[in-house]
Amino acid sequence: MQFFADTAVLTEIDQLNKIGLVDGVTTNPTLIAKSGADFKEVIKDICSMIRGPVSAEVASPAYEGMVAEGEVLAALAHNVVVKLPITVDGLRACRYFADKGIKTNLTLCFTANQALLAAKAGATYVSPFIGRLDDINLDGMELIRNIRTIFDNYSFDTRILAASVRSANHVTEAALAGADVATMPTSVILKLAEHPLTDKGLATFLADWKATGQSIL
Ligand code: E4P
């Protein structure tokens, strides 16, 4: 499973990059607004820090605007992925970019039918929003499982990018459900390494090692 950082904060991306935990980055207009950065500048900066795909979302709801904005975004760097909403206009723009060999991420996916449409439109990634479904008492993970089954039934290449990931448990469940990628906030990525028994065991090992009076170096 690939890990994408769901953030537009450069210091966070740098921190994760140093640990070797980032395969790509996703952004959305909300994350850009939160970062306070200039959209195109921050996308260029992220693309220079990360070798993998970096999703940059169009702001226009209409096909013509999506195409015009997507062209500008795709020209920012070779690893930009044009992020489009799953609407009729977004699907049409997806086909346009797919035919030009430009990678796309179809976002705001809440049903298996939407994912099926994204795959048929030639999307590189489709982003089912797990957390937002859980928020309204629906089962985000069931959606991932259903999309996995459908894509496998028809050998679609579109990659399932589990989004709106809110917890470490979401990551485990998405991996078990067959998601290809999980995009998550920095806090969740770092949480994956945590366990109290790891901390306790390490404290004991360090104390016992100190008591030997030895040094490895
Ligand atoms: C990423 O591509 C999505 O935009 C993001 O994961 C949405 O997360 P949220 O539901 O926590 O805002």
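Data block above holds the structure.
Procedures and definitions
Residues numbered from 1 in each chain as written. Predicted model: local features only at pLDDT ≥ 70, side-chain atom pairs only at ≥ 80, totals over all residues. Heavy atoms only, no water. Near = heavy atom within 4 Å. Areas by Shrake-Rupley, 256 points an atom, 1.4 Å probe, with all protein chains shown as cover. Nonpolar A, V, L, I, M, F, W, Y, C, P; charged D, E, K, R; others polar. Helix = DSSP H or I, 4+ residues; strand = E, 2+ residues; numbered from the N terminus. Buried < 20%, exposed > 50% of the residue type's maximum accessible area, 1.4 Å probe, protein only. Lys, Arg positive; Asp, Glu negative; His and termini not counted. Salt bridge = Lys/Arg side-chain N within 4 Å of Asp/Glu carboxyl O. Polar contact = N/O pair within 3.5 Å; in protein donor to acceptor, adjacent residues only side chain to side chain. Contact = heavy atoms within 4.5 Å. Pairing = 2+ DSSP bridges. Expected span 1.5 Å × (residues − 1). Arc of directions from axis to C-beta. Right-handed = clockwise from strand over helix to strand, strands pointing away. Axes fitted to C-alpha atoms, helices over the stretch in contact; angles between N-to-C directions. Parallel < 35°, antiparallel > 145°, perpendicular 65-115°, else oblique. Core = buried A, V, L, I, M, F, W, Y, C linked by side-chain atoms within 4.5 Å.

Asker: Please set out the site of the ligand residue by residue, giving values where relevant.
Answerer: Around the ligand, the structure places D6, T26, N28, K83, F129, R132, A163, S164, R166 and T183. Calculation on the ligand without its partners gives an accessible area of 340 Å², and the protein chains cover 85% of this total. Its residues assigned to classes, the shell around the ligand shows two nonpolar, four polar and four charged.

Asker: Describe the side chain of D6, with residues and values.
Answerer: Looking at the secondary structure, you find D6 in strand β1 (residues 2-6). Of the side chains bearing the opposite charge, K83 lies closest to the buried D6, which forms no salt bridge; the N-O distance is 5.4 Å. At a separation of 2.8 Å, a polar atom in the side chain of D6 contacts the side chain of T26. Once residues lying within four places of it in the same chain are set aside, the contact partners of D6 are T26, L31, T183, M184 and P185.

Asker: Describe the pairing of strand β6 (residues 125-128), and please don't skip the residues or the numbers.
Answerer: Side chains Y125 and S127 of β6 all project onto a buried face; the interleaved residues V126 and P128 project onto the opposite face, where all are buried too. Looking at chain direction, strand β5 (residues 104-109) and β6 are connected through three bridges and run parallel. Paired with L106 across the two strands is V126, which belongs to β6.

Asker: Quick one: what's the story with helix α8 (residues 140-154), residue by residue and with numbers?
Answerer: Taking 1.5 Å per residue as the helical rise, α8 with its 15 residues ought to reach 21 Å, and the 22 Å between its terminal C-alpha atoms agrees with that figure. Those residues of α8 not exposed but buried are G140, M141, L143, I144, I147, R148 and F151. For α8, the angular spread of buried residues about the axis comes to 150°, placing them on one side. In this structure, the buried residues of α8 make contact with β5, α6 (112-120), β6, α7 (130-135), β7 (159-162) and α9 (168-177). Looking one or two residues past α8, S155 carries a phi angle of roughly 50°, positive in sign.

Asker: Could you give me a rundown of the pairing of strand β4 (residues 80-85), with the residues and numbers involved?
Answerer: Look at any regular strand and the pattern is simple: side chains alternate between the two faces of the sheet. With six of six residues buried, β4 lies mostly within the body of the structure. Going residue by residue along β4, you find V80, V82 and L84 tucked away on one face and V81, K83 and P85 tucked away on the opposite face as well. Looking at chain direction, strand β3 (residues 54-57) and β4 are connected through four bridges and run parallel. Paired with E57 across the two strands is K83, which belongs to β4. Each parallel crossover has a hand, and for β3 linked through helix α4 (residues 63-74) to β4 it is right-handed.

Asker: I'd like to hear about the packing of helix α1 (residues 10-19) against helix α3 (residues 39-49), residue by residue, with values.
Answerer: Look at α1 against α3: their axes get within 11 Å of each other, and the N-to-C directions meet at 10°. Between α1 and α3, the interaxial angle falls into the category roughly parallel. Counting all contacts with α1, which are made through L10, I13, D14 and N17, the residues of α3 involved are V42, D45, I46 and M49. Its residues assigned to classes, the contact of α1 with α3 shows five nonpolar, one polar and two charged.

Asker: Which residues make up the nonpolar core, and what values go with them?
Answerer: As a rule of thumb, soluble globular proteins bury nonpolar side chains together. The biggest cluster of nonpolar side chains holds 59 residues, and the ones touching the most others in it are L84 and L106. With near-sequence residues (within four places) excluded, L106 lies in contact with L84, P85, I86, G90, L91, C94, A118, A123, Y125, V126 and S127. Counting five residues, the second-largest nonpolar core is a separate cluster that includes F4, V81, Y125 and L161.

Asker: How would you summarise the pattern of salt bridges if you had to cite specific residues and measurements?
Answerer: Scanning all chains against the criterion turns up ten salt bridges. A salt bridge links D99 to R95, with the nearest nitrogen and oxygen atoms 3.0 Å apart. With a gap of four residues between them, D99 and R95 both fall in helix α5 (residues 88-99), about one helical turn apart. With its nearest N and O atoms 3.7 Å apart, the salt bridge here joins R145 to D139. Its relative accessible area of 39% is what places R145 among the partly exposed residues. When salt bridges with common partners are traced through the structure, they connect R148, D152 and D180 into a single cluster.

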